[in-house]
Amino acid sequence: DSGVTQTPKHLITATGQRVTLRCSPRSGDLSVYWYQQSLDQGLQFLIQYYNGEERAKGNILERFSAQQFPDLHSELNLSSLELGDSALYFCASSVEGLPITDTQYFGPGTRLTVL
Amino acid sequence: EDQVTQSPEALRLQEGESSSLNCSYTVSGLRGLFWYRQDPGKGPEFLFTLYSAGEEKEKERLKATLTKKESFLHITAPKPEDSATYLCAVVSPGAQKLVFGQGTRLTINP
């Protein structure tokens, strides 16, 4: 158990809908990262927050957005969902938010299925 | 663009049969290389970080090594519980992100 929690574990929804995924980092970690993992794309970095501020952006679609709240939990919002958005979504956390030196600890993931 | 290539894609071994997984990278000025283990449907689990060529790290039956162009994950006398996908990721100075390889799916038969 990494100490990172994610809810829900599974989410099934329809095309065009909007969903929110939630992540709580490990105690003491200030940075949260979001990743998408699909069979053909592998593990892709989406976005990083550090202490409430956006720090780095990856291949995140405009239909997706995220935020980190004062209590350091984070939410990833996915809207206008398409079939191709079906994937595992992981949250990771680290102490300082510096990928070069920090170890990122991953949560158990949310499996999103868009029908 | 930073790239990470892992080989083989899949590897099937008998229990006790040692082998190595490869991670080759094209990064201008590698600052760190990470190995993770991932079980099906679970989040990646951190194994090792390597920072400079020549560095080695060990954990139980696993040993990770790093050269200027690639990293190897050696597995000695593996057991069925070592079956998993092993992921390699790199960080370069300019990029504030981990770039992951596609992984090697390792199966250890009893």
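Structure report, in brief. (Residues numbered from 1 in each chain as written. Chains lettered and ligands numbered in written order. Predicted model: local features only at pLDDT ≥ 70, side-chain atom pairs only at ≥ 80, totals over all residues. Heavy atoms only, no water.)

Scanning chain B from N- to C-terminus turns up zero helices and 11 strands. Secondary structure elements of chain B occur, N-terminal to C-terminal, as β-β-β-β-β-β-β-β-β-β-β. Relative to its length of 110 residues, chain B is compact, with a C-alpha radius of gyration of 13 Å against a globular reference of 13 Å. Across its three principal directions, the C-alpha atoms of chain B cover 45 × 30 × 20 Å. Within chain B, the fraction of its 110 residues that count as buried is 47%. Within chain B, residue pairs in contact and separated by at least 24 positions form 54% of the contacts whose partners lie at least 6 positions apart. About 5400 Å² of surface is accessible on chain B, with carbon and sulfur atoms providing 46% of the total. Both charge centroids of chain B, one from 13 positive and one from 14 negative side chains, sit 3 Å from each other. (Helix = DSSP H or I, 4+ residues; strand = E, 2+ residues; numbered from the N terminus. Rg over C-alpha atoms; globule rule 2.2 N^0.38 Å. Buried < 20%, exposed > 50% of the residue type's maximum accessible area, 1.4 Å probe, protein only. Contact = heavy atoms within 4.5 Å. Areas by Shrake-Rupley, 256 points an atom, 1.4 Å probe, with all protein chains shown as cover. Lys, Arg positive; Asp, Glu negative; His and termini not counted. Charge placed at Lys NZ, Arg CZ, Asp CG, Glu CD.)

A few words now on the nonpolar core. Residue and element names in this part refer to chain B. One finds Leu33, Trp35, Leu73, Tyr86 and Val90 to be the most contacted residues of the largest nonpolar core, which totals 25 residues. For this core, the secondary structure elements donating two or more residues are strand 2 (10-14), strand 3 (19-26), strand 4 (32-38), strand 5 (45-50), strand 7 (62-66), strand 8 (70-75), strand 9 (84-91) and strand 11 (104-109). The element best represented in this core is strand 9, accounting for four residues. (Core = buried A, V, L, I, M, F, W, Y, C linked by side-chain atoms within 4.5 Å.)

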